[in-house]
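Report on the structure
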Amino acid sequence: MINQLSTMRSTPRMTSSSTSLKQLFMKKWIMGMKACSSSMKKSSLLERKNTIKLSADLAMASTRMVAGCTTYWRRAIITNASKDPNSKHLINHIVGKYSRSNNNYNSVLMTKITSVQLHCTRLLRKSRSKKRKNIVGWRTMSDKKIAASILSRRLVRKRTQVLKSLVPGGEAMDECSLMKEAIDYIISLQTQVDGMKHIINAVTASKS
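So, here's what we can say about the structure.

1. Let's talk about empty space enclosed by the protein
- In total, this model carries one cavity of 30 Å³ or more according to the counting rule given.
- Of the volumes computed, that of the largest cavity is approximately 40 Å³.
- Elements with a contribution of two residues or more to the lining of the largest cavity: α4 (45–66), α5 (72–82) and α9 (175–207).
- For the lining of the largest cavity, the element with the highest residue contribution is α9, accounting for four residues.

So, in structure tokens, the structure goes:
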């Protein structure tokens, strides 16, 4: 498959921004696959699967960087990957010099995100404290409405935690930043899937 990817001809450049992103992703992903082609021959099926996924994630993160994306999830992907010494070769081929100067920027960014998160937490605690004081005077509100309100808040918090675990770097984000990051991450994942489908279709067509 790697040999077929390396011999694929690039498609003409389109004016659509989504098409340009998809083409750039495919170019970077193929670069990553070619870089690790020799090591993948000696790897197990699970190791190959993880390498393909990491290559696709790094390609998408690098693509969004080139597109001027300032979201944190793409930096989180590169930073997490750089912690593994075995991934440095792949990062250098797909991302390049950016990964070497990324850690310092990420530490500054994490400090800013943590500061915003602490500020939001303080505001939330003050709001909850006021609500507890006011609950004593809410004689006209039924117990069912109070229970439903508490249950809904718990459900929102639970789903927010799940979303944080799905978005790279989401654990350090406040709710407002998380929504913005999640939307951009979903759009990027769709671009990633479209690009991978395009490559698979091209490889399948070349075999027939």
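2. A closer look at the pattern of salt bridges
- For the coordinates displayed, the defined rule picks out two salt bridges.
- Where D57 meets K53, a salt bridge forms, and the shortest distance between an N and an O atom there is 2.9 Å. Of this pair, D57 and K53 both sit in helix α4, four residues apart, roughly one helical turn.
- The class for D57 is buried, based on a relative accessible area of 14%.
- Taking the shortest distance from any N to any O, the salt bridge between D184 and R64 comes out at 2.5 Å. Taken together, the residues span a long stretch of sequence, with D184 in helix α9 and R64 in helix α4 at a distance of 120 residues.
- Residue classification places D184 among the buried residues on the basis of a relative accessible area of 14%.

3. Some words on the packing of helix α8 (residues 143–166) against α9
- Where α8 meets α9, the axes come as close as 10 Å, and the angle between the chain directions of the two elements is 50 degrees. Looking at the two axes, α8 sits oblique to α9. Helix-helix and strand crossings are classified by hand; for α8 and α9 the assignment is left-handed. Seen from α8, the contacting residues are T160, L163, K164 and L166; seen from α9, they are E175, L178, M179, A182 and Y185.
- Here the residues of the contact of α8 with α9 are counted per class, giving six nonpolar, one polar and two charged.

4. Some points on the packing of aromatic side chains
- What the rule picks out here adds up to two aromatic pairs.
- Measuring from centroid to centroid gives 6.1 Å for F25 and W29, while their planes differ by 10 degrees, and the two rings are stacked. In this pair, F25 and W29 both sit in helix α2 (residues 17–35), four residues apart, roughly one turn of the helix.
- Residue F25 is classed as buried on the basis of its relative accessible area of 0%.

5. Quick look at the environment of D174
- Note that D174 resides in the loop between α8 and α9.
- Taking the relative accessible area as the measure of exposure, D174 reaches 5% and is therefore buried.
- The sequence separation of D174 and T160 amounts to 14 residues, and the corresponding C-alpha distance is 9.7 Å.
- At a separation of 3.1 Å, a polar atom in the side chain of D174 contacts the main-chain amide nitrogen of C176.

6. Side note on the packing of α4 against α5
- Relative orientation of the contacting elements α4 and α5 amounts to 135 degrees, with a least axis distance of 9 Å. As the angle between them shows, α4 and α5 are arranged oblique. The crossing of α4 and α5 is left-handed. Between α4 and α5, the contacting residues are L54, D57, L58, M60, A61, R64 and M65 on the first element and W73, R74, I77, I78 and A81 on the second.
- When its residues are assigned to classes, the contact of α4 with α5 shows nine nonpolar, no polar and three charged.

7. A look at α4
- The first and last C-alpha atoms of α4 sit 32 Å apart over 22 residues, in line with the 32 Å expected at 1.5 Å per residue.
- Along α4, the residues classified as buried are S55, A56, D57, L58, A59, M60, A61, S62, T63 and R64.
- Two residues or fewer after α4 comes G68, characterised by a positive phi angle close to 90 degrees.

The rules behind these values
Residues numbered from 1 in each chain as written. Predicted model: local features only at pLDDT ≥ 70, side-chain atom pairs only at ≥ 80, totals over all residues. Heavy atoms only, no water. 1 Å grid on protein atoms, 1.4 Å probe; cavity = no way out; pocket = protein on both sides within 12 Å on 5 of 7 lines; lining within 4 Å. Points joined across faces, edges and corners; volume = space filled by probe spheres on them. Helix = DSSP H or I, 4+ residues; strand = E, 2+ residues; numbered from the N terminus. Salt bridge = Lys/Arg side-chain N within 4 Å of Asp/Glu carboxyl O. Buried < 20%, exposed > 50% of the residue type's maximum accessible area, 1.4 Å probe, protein only. Axes fitted to C-alpha atoms, helices over the stretch in contact; angles between N-to-C directions. Parallel < 35°, antiparallel > 145°, perpendicular 65-115°, else oblique. Left-handed = near helix turned anticlockwise from the far one by under 90°. Contact = heavy atoms within 4.5 Å. Nonpolar A, V, L, I, M, F, W, Y, C, P; charged D, E, K, R; others polar. Phe/Tyr/Trp six-rings, centres within 6.5 Å; stacked < 30°, edge-to-face > 60°. Polar contact = N/O pair within 3.5 Å; in protein donor to acceptor, adjacent residues only side chain to side chain. Expected span 1.5 Å × (residues − 1).

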